[in-house]
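Commentary on secondary and tertiary structure
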Amino acid sequence: MKKHELIRKISRIMAGVFAAVTVFASVSTVVKADVIYEPYNDDFYKKYHAECEYVNEKYCINGPRGVVQLFKSPIEDEVITVLDNGLNVRVEYSYVDDFGTKWAQIDSVAEGWFPMEYADKVYSSDDFWNDHYKEISYEGDFAAPGKGTMTVLYYSFPGDVNCYENEVDFGDVEIDSFFTDDCGHNWGHLYYEHYGAPDYWVCFDNPNATYEELYPNGTGLFHYEMTEKTYSDEDIHPGKRGSGDSNGEDNKGNSNGHFADNTVEMNGIDPMLIWVAGGSVVFIATITTGLLVLLKSFRKKEEQKRSGNK
Amino acid sequence: MISIYPILHLLVDGICALSMYSYFMDGDKAMMYILLYNLCAFALQMPFGVIADMLPGRRRYDKEKHCMYLALIGVLVTIAGSFFSPIILGIGNALFHVGGGTAAVHDDKWKNRRGLGLGLFVAPGALGLFLGSTLYNSEDADLVFLTFRLLSILLCLGLVYVWYYHSEERKVQTKLKLFDPIQIKKYNDDSKKKEKPVFAQKFTKGQAVMACVLCLLVVIIRSYVGLAVNFSWKEGVWLGVMSALYVCFGKVFGGFLGSKLGLFWTSAISLCAAAICFVFADVQAVGLLAQLLFNMTMPITLTLLAQYLPGKEGFSFGFLSFGLFVGFLPAFFGLTIPNGCEFIAGIMCVLSLVLLLPVLRPENKAKSESSENTEAK
């Protein structure tokens, strides 16, 4: 086979392989089909949903100086609102940016993102269901406190510190789960068909008793108490390095063979690095100039030698 | 012999990535180590390139030999550096690149292949780097490391073997031909033809300086864009493999098309197409194509500068590698292109083409002038 025929054949094969790979790549985008809530109004989520992790847990805002800024996205420094410390929010999704900062997405109070480290996880009804699913009964173990409408205290889960007053028509509401706690209190979970399945637990023994009345010695369940944390001097903002661990899996190498997954934030550059980089560039350029001058003189001598020989 | 260098390139870059991620990327000094490694591996290629040009001997035989020695020393120093320090690792890498790269430049010149050999040489580096950075935390990382080192040493031995075989063959041929005066004349004429670099055109000092500056700027832009653009779809090992393959084949295609269509058309087509692709780079396949097209200019700039600096092939290769280091610095200090702004890379492509045009023109002019002269004769 002639050389040019071989080259043509190789080029055809390569073009074919690349066409096939390109078509395959174009159809190989990750298809995500699940039934969990997805915040489709969130442009950032829409673009980076594959990198976001479903959380769906309750957190209590606990940021520096008593507030936390809610940003439009982990990469846009646009403040949507300010959340006060102590506010309970449901974190729907999390996202880890290139600097290792973990961001939390909420859409209950307002839609936006805030650094996850500015909130503490609190014991929630989800945790309660997970911890006690074996002890929860779905049979009618005990009767409701009454048949008509009465005022009761709602709890998110048996043993919750927080409660709020509400009117319940026990003739209308369905009681779908039953639970007896360690102190022997009987609890019923109210199910409202039209509201979905929010967590409304009522202590059937004493529907108007507060946490202190029910558990004078505490419940033994984890209860969140907000404590003041220490933070770095500079607040975390989108597009800047946080104090979290860097994951940087995607940018390890590049087309030129550099290592660059640990880029430095402009505000926090170690001056030593600048000195080393700048000084070395100048030093290497100077050395090279010297070597080029030397090369020129070598070549000149060589030429003279050759012309002398001739 | 020249085909062994690309495989060695993959292994050397793989060893460097494995060592950096396994040993030198933890702790407070990680940033300093990254900087020092890149400094030694890329910036030091410039003085090493001049040293390669200073080595005695003007014949192809001598140049090939010197390049081979440099590359061999580079491989051995890299292996040594992988045990001790990122600085030694970088120096080894730089020596290997200068040796292999200069050999590829010479080979391309003698065979009149405008960038084909260079494209083949530079391409596997991205793959080696990807393999090293992916496999360093695998269960069999030690085995991979050992395999890379052993294969490198074996290939070095292979290189030496091929070299001596080649050298002996040449001697025998020369001896045979020396007996016949007609054959001697024919042999001498042939070897003169073969050994005369095909595109050793004369350029003025001003043209050469302009070529240096413009090619350097193009390389700095390419290096920066390669680091600063973060594609939103680039996640997971599979897409990492795809990305590395596209970068690798981009360089090969660049060399291949450069030798077929010429440097001007290859640059114009690849950079215009890359600019369009970068605008729609949030689509995975288009983003991958953009990477392929953008990297096609790598062998082009290397070949182009080697044309402008005849007799300084080592320096031209090292000088542009120095540009890679300069382009790395802004991204290292945090100046990246934000997600969704890939069109900036498209603008950079257009800018690269604008910068390349003045230095691509003389080649065409000279070509047309030489063809006119031939026709006149």
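Analysis parameters
Residues numbered from 1 in each chain as written. Chains lettered and ligands numbered in written order. Predicted model: local features only at pLDDT ≥ 70, side-chain atom pairs only at ≥ 80, totals over all residues. Helix = DSSP H or I, 4+ residues; strand = E, 2+ residues; numbered from the N terminus. Buried ≥ 20, exposed ≤ 12 C-beta atoms within 10 Å, placed from the backbone. Contact = placed C-beta atoms within 7 Å. pLDDT = per-residue confidence, 0-100. Pairing = 2+ DSSP bridges. Core = buried A, V, L, I, M, F, W, Y, C linked by C-beta atoms within 7 Å. Domains from an automatic or database assignment. Expected span 1.5 Å × (residues − 1). Axes fitted to C-alpha atoms, helices over the stretch in contact; angles between N-to-C directions. Parallel < 35°, antiparallel > 145°, perpendicular 65-115°, else oblique. Left-handed = near helix turned anticlockwise from the far one by under 90°. Nonpolar A, V, L, I, M, F, W, Y, C, P; charged D, E, K, R; others polar.

Let us now look at the overall build of chain B. Within chain B, the regular secondary structure consists of 16 helices and 0 strands. Looking at chain B residue by residue over its 377 residues, the buried ones come to 54%.

The next thing to look at is the overall build of chain A. A tally of regular secondary structure across chain A gives 5 helices and 12 strands. Buried residues in chain A amount to 26% of all 310 residues. Intrachain contacts of chain A at a sequence separation of at least 6 include 56% that bridge at least 24 residues.

With that out of the way, let us pick up the confidence of the model for chain B. Residue and element names in this part refer to chain B. Averaged over all residues, the pLDDT of chain B is 81; the fraction at 70 or higher stands at 83%. Here helix H9 (residues 181-195) is the element of chain B with the lowest mean pLDDT, 57, and helix H3 (residues 45-54) is the one with the highest, 92. In this model residues 195-199 is a low-confidence stretch, pLDDT under 50, and it forms 10 contacts with partners more than four residues away in sequence or in other chains. The low-confidence segment residues 364-377 (pLDDT under 50) makes 2 contacts with residues lying over four places distant or belonging to another chain. Confidence estimates for the predicted assembly give a pTM of 0.62 and an ipTM of 0.80.

All names here are of chain A. Summarising burial for strand E2 (residues 67-73): 5 of the 7 residues are buried, a large majority. Relative to strand E3 (residues 76-84), E2 runs antiparallel, the two sharing 6 bridges. Within E3, the residue paired with serine 73 across the bridge is glutamate 76. Taking the residues that link successive antiparallel strands as the turn, the E2-E3 hairpin has 2 residues.

Now for the nonpolar core. All names here are of chain B. If you look at the biggest cluster of nonpolar residues, it comprises 128 residues, and the most contacted ones within it are Ala71, Cys215, Cys248, Ala274, Ala290 and Leu305. In this structure, this core is formed jointly by two domains, domain 1 (1-198) and domain 2 (201-377), each of which donates at least three residues. Setting aside its immediate chain neighbours within four residues, cysteine 248 contacts Ala123, Pro124, Ala126 and Leu127.

So, on to helix H14 (residues 297-308) of chain B. Taking 1.5 Å as the rise per residue, H14 of chain B with 12 residues should run 16 Å; its terminal C-alpha atoms sit 16 Å apart, in good agreement. Those residues of H14 of chain B that fall on the buried side of the exposure criterion are Thr297, Met298, Pro299, Ile300, Thr301, Leu302, Thr303, Leu304, Leu305, Ala306, Gln307 and Tyr308 of chain B.

Turning our attention to the environment of serine 243 of chain B. Residues and elements named next belong to chain B. By the secondary structure assignment, serine 243 is in helix H11 (residues 236-261). By the C-beta count within 10 Å, which is 25 here, serine 243 ends up buried. C-alpha of serine 243 to C-alpha of leucine 289: the two residues are 46 residues apart in sequence and 9.2 Å apart in space.

So, about helix H7 (residues 124-135) of chain B. Residue and element names in this part refer to chain B. Here H7 is 12 residues long and its end C-alpha atoms lie 16 Å apart, about the 16 Å a rise of 1.5 Å per residue gives. The element H7 is extensively covered by neighbouring structure, given that 12 of its 12 residues are classed as buried. Residues of H7 that are buried include every one of Pro124, Gly125, Ala126, Leu127, Gly128, Leu129, Phe130, Leu131, Gly132, Ser133, Thr134 and Leu135, and no others.

Right, let's talk about the packing of helix H10 (residues 205-228) of chain B against helix H15 (residues 313-332) of chain B for a bit. For any two helices packed against each other, one specifies the crossing angle of their axes together with the interaxial distance. All names here are of chain B. Contact geometry for H10 and H15: axes closest at 7 Å, N-to-C directions at 40°. Classed by the angle they form, the pair H10 and H15 counts as oblique. Every pair of crossing elements has a handedness; the one defined by H10 and H15 is right-handed. Residues Cys212, Cys215, Leu216, Val219, Ile220, Ile221, Arg222, Ser223, Tyr224, Leu227 and Ala228 of H10 pack against Phe319, Leu320, Gly323, Leu324, Val326, Gly327, Phe328, Pro330 and Ala331 of H15. Across the contact of H10 with H15, the residue classes break down as 16 nonpolar, 3 polar and 1 charged.

Of the residues in chain A, 69% have a pLDDT of 70 or more, and the chain-wide mean is 73. A low-confidence stretch, residues 242-253 of chain A stays under pLDDT 50, and its non-local contacts, those more than four residues away or across chains, total 31 contacts.

Next up on the list: the packing of helix H4 (residues 60-84) of chain B against helix H5 (residues 86-111) of chain B. All names here are of chain B. Across the interface, H4 lies against H5 with an axial gap of 6 Å and an inter-helix angle of 155°. Our classification of the angle between H4 and H5 gives roughly antiparallel. Here the hand of the crossing between H4 and H5 comes out left-handed. By residue class, the composition of the contact of H4 with H5 is 17 nonpolar, 10 polar and 3 charged.

All names here are of chain A. Assignment of secondary structure puts lysine 58 in strand E1 (residues 53-61). Residue classification places lysine 58 among the buried residues on the basis of 20 C-beta atoms within 10 Å. Separated by 63 residues in sequence, lysine 58 and lysine 121 place their C-alpha atoms 6.2 Å apart.

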